Amino acid sequence: MKDIDSNPQTVVMWAAFGVPLTMLALTFPLFLFRKMGLYPVLKPYYSVLYLSLGISWILGFITQMVLFFTEISGVRMALIWIVMFFVYFTFCVFKRRQLNSWLDALSKAKANKQ
């Protein structure tokens, strides 16, 4: 906690680069699950996780930059980012069906356009 409070730029760096690296690290187990045939079972959960990580990556980075330049302490920045992620994750869990149908319709529309 002392390191985060003394170096708030680590929270900004995590918001900028840690989330995409986490998403990249999760692609390997997803690839293995596809090869094992478990992908249809786990697809809704991976989409919830990826969607919440994607939203928290974009909005979290913007928020962390604003907080960093307004000189908020690093611990508060980290707590705000964690709460934001859990709110996005909870929203994606409860709206999973609607989000999945929206993403499927969006991908079909994109495929028809090409």
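Everything in this summary refers to the structure shown in the same document. (Residues numbered from 1 in each chain as written. Predicted model: local features only at pLDDT ≥ 70, side-chain atom pairs only at ≥ 80, totals over all residues. Heavy atoms only, no water.)

**Brief notes about the packing of aromatic side chains**
Two aromatic rings are characterised by how far apart their centres lie and by the angle between their planes.
Piece 1. Evaluated as defined, the whole model comprises four aromatic pairs.
Piece 2. Residues Phe68 and Phe69 carry aromatic rings whose centres are separated by 5.4 Å and whose planes lie at 70° to one another, so their mutual orientation is edge-to-face.
Piece 3. Through a chain of ring-to-ring contacts, the aromatic side chains of Trp81, Phe85, Phe86 and Phe89 assemble into a single cluster. (Phe/Tyr/Trp six-rings, centres within 6.5 Å; stacked < 30°, edge-to-face > 60°.)

**Let's talk about empty space enclosed by the protein**
Piece 1. The full count for this structure, using the stated rule, is one cavity of 30 Å³ or more.
Piece 2. One number sums up the size of the largest cavity: a volume of about 30 Å³.
Piece 3. Around the largest cavity sit Ser47, Val48, Leu51, Cys92, Arg96, Leu99, Asn100 and Leu103, which together line it.
Piece 4. In terms of residue count, the dominant contributor to the lining of the largest cavity is helix 5 (residues 96-113) (four residues). (1 Å grid on protein atoms, 1.4 Å probe; cavity = no way out; pocket = protein on both sides within 12 Å on 5 of 7 lines; lining within 4 Å. Points joined across faces, edges and corners; volume = space filled by probe spheres on them. Helix = DSSP H or I, 4+ residues; strand = E, 2+ residues; numbered from the N terminus.)

**Looking at the layout of surface pockets**
Piece 1. Taken as a whole, the largest pocket holds about 210 Å³ of empty space.
Piece 2. Residue assignment for the lining of the largest pocket shows that the elements contributing at least two residues are helix 3 (39-69) and helix 5.
Piece 3. No other element matches helix 3, which puts six residues into the lining of the largest pocket.
Piece 4. Here the residues of the lining of the largest pocket are counted per class, giving six nonpolar, two polar and two charged. (Nonpolar A, V, L, I, M, F, W, Y, C, P; charged D, E, K, R; others polar.)

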